[in-house]
Amino acid sequence: VTHKAEADFDAVVIGAGFGGIYALHKLRNELGLTVRAFEKGGGVGGTWYWNRYPGAMSDVDGHVYKYSFDKELLQEWDWHTRYTPQAETLAYLETVVERHDLARDIQFDTAVESAAYDEFHDVWTLTTDTGETVTARYVVSALGPLSSRNFPDIKGLDRFEGTLVHTSAWPEDLSIDGKRVGVIGTGSTGTQFVCAASQTAAHLTVFQRTAQYVVPSGNGPVDEAEKAAIRADYDRIWEQVRTSRVGCGFEESDVPAMSVSEEERRRVFQEAWDLGNGFRFMFGSFGDIAVDPDANEAAAEFIRSKIREIVKDPETARKLTPSDLYAKRPICNQGYYEAYNRDNVSLVSLRETPIVEATAKGVVTEDGVEHELDVLVFATGFDAVDGSYKQMDIRGRGGETIREHWEDGASSYLGVSVAGFPNLFMVLGPNSAFSNLPPGIETQVEWIAELVKAVEDGGLASIEATREAEDAWSVTCQETADYTLFPKVESWIFGANIPGKKRTTMFYFAGLGSFRDKLREVTAAGYEGYVLRSAAAPTGE
Ligand code: FAD
Ligand code: NA7
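- Going by what an unreviewed UniProt entry lists, the protein is known as NAD(P)/FAD-dependent oxidoreductase and is assigned to Streptomyces montanus.

Structure (structure tokens):
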């Protein structure tokens with residue numbers, strides 16, 4: 001007998017970025033479920049709604065920083081530059097929402113505060129900060145891996161009389177033109193900001209904690225012939241993306257860097273440098289930069305030699321030169337090191353002269369210098385991956401909270417499911433594939449739809465990952481990470497950027513193609529690692 005729990009909606013989707021938008025489309029338009037989406041922000045777009053700082057753009061080639069599912073839109077969409085600026089990705093996502101008539105089921109300016117599973121009725125009850133309570137059989141949480149901001153405290157910050165801003169909360173009307181600007185942080189975001197702000201600020205002071213390896217992005221105009229070639233070739237392009245490691249649309253190398261002569265190595269690095277793109281430099285030049293210490297050092301030394309060449313002031317060049325492994329999410333930009341040759345840009349190494357306190361006028365560093373600022377920008381990143389989950393009160397079986405479940409570090413089965421939290425599906429939860437994210441998101445949303453369909457078609461009540469499957473997936477992810485050099489450096493990828501955060505592997509490093517193979521194997525084995533249940537009997541099982 002088909003049993004369906006009574007609920008306001010079949011499904012609730014939380015978040016309206018790339019993940020939430022596609023989840024709503026998939027569940028409502030394709031599976032025919034009733035769905036309500038909640039979004040904290042005032043519009044769709046997620047990352048591309050919030051991050052409006054000067055220079056904000058994706059640094060994966062724009063034609064693959066898109067959904068593959070809407071083929072018509074891929075043919076119609078026009079673009080101008082190799083990479084997509086924030087406003088254009090936002091417009092793209094708004095267009096997707098309009099084309100698929102999704103906005104009518106998205107409630108904006110509404111944060112979901114809690115979600116609790118009633119294991120006897122197989123229903124989730126959610127509450128919002130607008131005082132609503134809704135019930136749903138399924139919950140898809142697409143909270144964003146990089147949406148919970150990291151805003152480090154500085155002594156005396158409340159005294160600062162200028163404008164304080166985090167890059168992911170940039171007010172549309174905040175202009176830095178002609179102002180004295182300080183920026184803390186030189187990750188993907190900070191380095192993008194430096195390139196843009198150096199052009200318009202009266203003065204830009206960059207507060208750098210750890211020097212970064214930055215390669216050119218090779219951004220520039222795309223001509224009609226290139227666009228036509230891409231549009232004609234999209235099926236092959238997506239097939240290549242889906243079977244590759246990092247899903248960025250270029251051919252990945254499997255040549256070991258040390259298997260060729262030094263001369264050949266430099267030629268290949270130079271070619272990658274000239275072509276541009278961080279992922280391409282790391283994964284397209286040679287196959288083992290992220291894996292083999294010698295290969296890694298060769299790539300790192302190539303970038304260091306470029307810093308020496310580009311940056312005119314030797315002291316600034318020294319401070320900008322990283323010495324650790326080249327093993328963070330790769331960064332690329334247009335004119336990053338060149339920016340330091342400008343008269344209006346100065347660099348402060350926080351390792352050498354940390355910030356002591358903020359004052360009314362700016363910030364004071366340990367050498368006694370007061371850096372006077374009109375605007376202080378925090379490009380300090382995010383409490384990544386599980387950060388947004390920990391802000392919510394999510395309770396599964398027996399009232400266990402997700403915070404308790406993740407006490408020893410965030411985990412999941414396949415980046416999607418958590419044992420003890422039936423019918424809850426994360427998009428880009430902990431231990432998802434480390435890749436260009438839109439194709440990773442599509443992969444997971446399609447997987448979630450498949451799981452939901454299995455429950456629906458079977459007239460069942462729930463699907464839940466087993467503890468064993470979740471633990472085994474954590475081990476697998478740890479192994480894939482340990483195979484690389486990435487765990488040997490501190491970054492948000494392992495939770496190392498947040499003081500007190502448990503350091504754990506938060507991605508699957510064997511690649512998107514291999515992740516997709518794994519999903520196929522799980523399906524073929526009858527949803528191995530999952531328990532499908534019919535409606536709970538009155539005893540609870
Ligand atoms: P998001 O886009 O973050 O959307 C999540 C949404 O959930 C947000 O709108 C948030 O407001 C909402 N939300 C969270 N909690 C709640 C709640 N409790 N209730 C209601 N709503 C909630 N990735 C790449 O692959 N390539 C790139 O080049 C790239 N560039 C980036 C540049 C920047 C500056 C940043 C910050 C990220 C970048 N990323 C990039 C990563 C990017 O986040 C992903 O590519 C993608 O946009 C994630 O989509 P999402 O829907 O999973 O999350
Ligand atoms: P990241 O990559 O986490 O970079 C944050 C930067 O802020 C980085 O340079 C940090 O230095 C610096 N930081 C963080 N906390 C502090 C404090 N307390 N003091 C000084 N400096 C600090 O975030 P992004 O936003 O740039 O990029 C995140 C992802 O979004 C990126 O990978 C893309 O996918 C888009 P550190 O290196 O930790 O010493």
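**As for the UniProt feature "domain: FAD/NAD(P)-binding" (unreviewed entry) in the protein**
Alright, step 1. Under the UniProt annotation, the feature "domain: FAD/NAD(P)-binding" (unreviewed entry) is placed at residues 10-214.
Alright, step 2. Taken end to end, residues 10-214 is 24% helix and 24% strand, and its first and last C-alpha atoms sit 46 Å apart.

**Description of the site of ligand 2**
Alright, step 1. The local shell around ligand 2 holds 19 residues, among which Pro152, Gly185, Gly187, Thr189 and Gly381 are the closest.
Alright, step 2. By residue class, the composition of the shell around ligand 2 is 7 nonpolar, 10 polar and 2 charged.

**Brief notes about helix α17 (residues 512-524)**
Alright, step 1. Taking 1.5 Å per residue, 13 residues should reach 18 Å; α17 reaches 18 Å between its end C-alpha atoms and fits that length.
Alright, step 2. At the C-terminal side of α17, Gly526 shows a positive phi close to 70°.

**With respect to helix α10 (residues 293-310)**
Alright, step 1. Helix length check: α10 (18 residues) gives 26 Å between terminal C-alpha atoms against 26 Å at 1.5 Å per residue, within 8%.
Alright, step 2. When we look at burial in α10, the residues that qualify are Ala295, Asn296, Ala298, Ala299, Phe302 and Ile307.
Alright, step 3. The secondary structure elements touched by the buried residues of α10 are α8 (262-275), α11 (314-320) and α12 (336-339).

**Some points on the packing of helix α15 (residues 437-457) against α17**
Alright, step 1. Following both chains from N to C, one finds α15 and α17 inclined at 5°, their axes separated by 11 Å at the closest point. Between α15 and α17, the interaxial angle falls into the category roughly parallel. Residue-level inspection shows Pro439, Gly440, Thr443 and Trp447 of α15 in contact with α17, the latter providing Leu512, Phe515, Arg516 and Leu519.
Alright, step 2. When the residues that make up the contact of α15 with α17 are grouped by side-chain class, the tally is 5 nonpolar, 2 polar and 1 charged.

**Details of unusual backbone geometry**
The bulk of non-glycine residues show a negative phi, and the bulk of peptide bonds are trans.
Alright, step 1. Positioned with a positive phi, Asn277 is a non-glycine residue whose angle comes to about 105°.
Alright, step 2. By the secondary structure assignment, Asn277 is in the loop between α8 and α9 (278-284).
Alright, step 3. Residue classification places Asn277 among the buried residues on the basis of 26 C-beta atoms within 10 Å.
Alright, step 4. Positive phi, close to 60°, is recorded for Leu428, a residue that is not glycine.
Alright, step 5. Counting through the fold element by element, Leu428 comes out in the loop between β18 (424-426) and β19 (432-433).

Cut-offs and rules
Along every chain, residues carry numbers that run from 1 in the direction the sequence is written. Think of it this way: whatever chain is written first is A, whatever ligand is written first is 1, and the rest follow in order. Totals for whole chains, interfaces and linings use all residues, but because this is a predicted model, local features are given only for residues with pLDDT of at least 70 and pairs of side-chain atoms are given and counted only at 80 or more. UniProt positions are given in the numbering used here, feature names are shortened, and annotations may be inferred rather than shown by experiment. Secondary structure is summarised from DSSP: a helix means a run of H or I of at least four residues, a strand means a run of E of at least two, and numbering begins at the N terminus for each. Near, for a residue, is defined by distance from a backbone-placed C-beta atom to a molecule or strand, with 6 Å as the limit that must not be exceeded. Gly falls in the polar group here, along with every residue not listed as nonpolar (Ala, Val, Leu, Ile, Met, Phe, Trp, Tyr, Cys, Pro) or charged (Asp, Glu, Lys, Arg). The span one expects for a helix is its residue count, reduced by one, times 1.5 Å. Every C-beta atom is placed from the backbone, and the number of other C-beta atoms within 10 Å of a residue's own sets its class: buried at 20 or more, exposed at 12 or fewer, partly exposed in between. By the convention adopted here, residues are in contact when the distance between their C-beta atoms, placed from the backbone, does not exceed 7 Å. Angular values range over 0 to 180 degrees, each being the angle between N-to-C directions of two axes fitted as lines to C-alpha atoms, with helices fitted over their stretch in contact. Convention used here: angles under 35 degrees read as roughly parallel, angles over 145 as roughly antiparallel, angles from 65 to 115 as roughly perpendicular, and any remaining angle as oblique.

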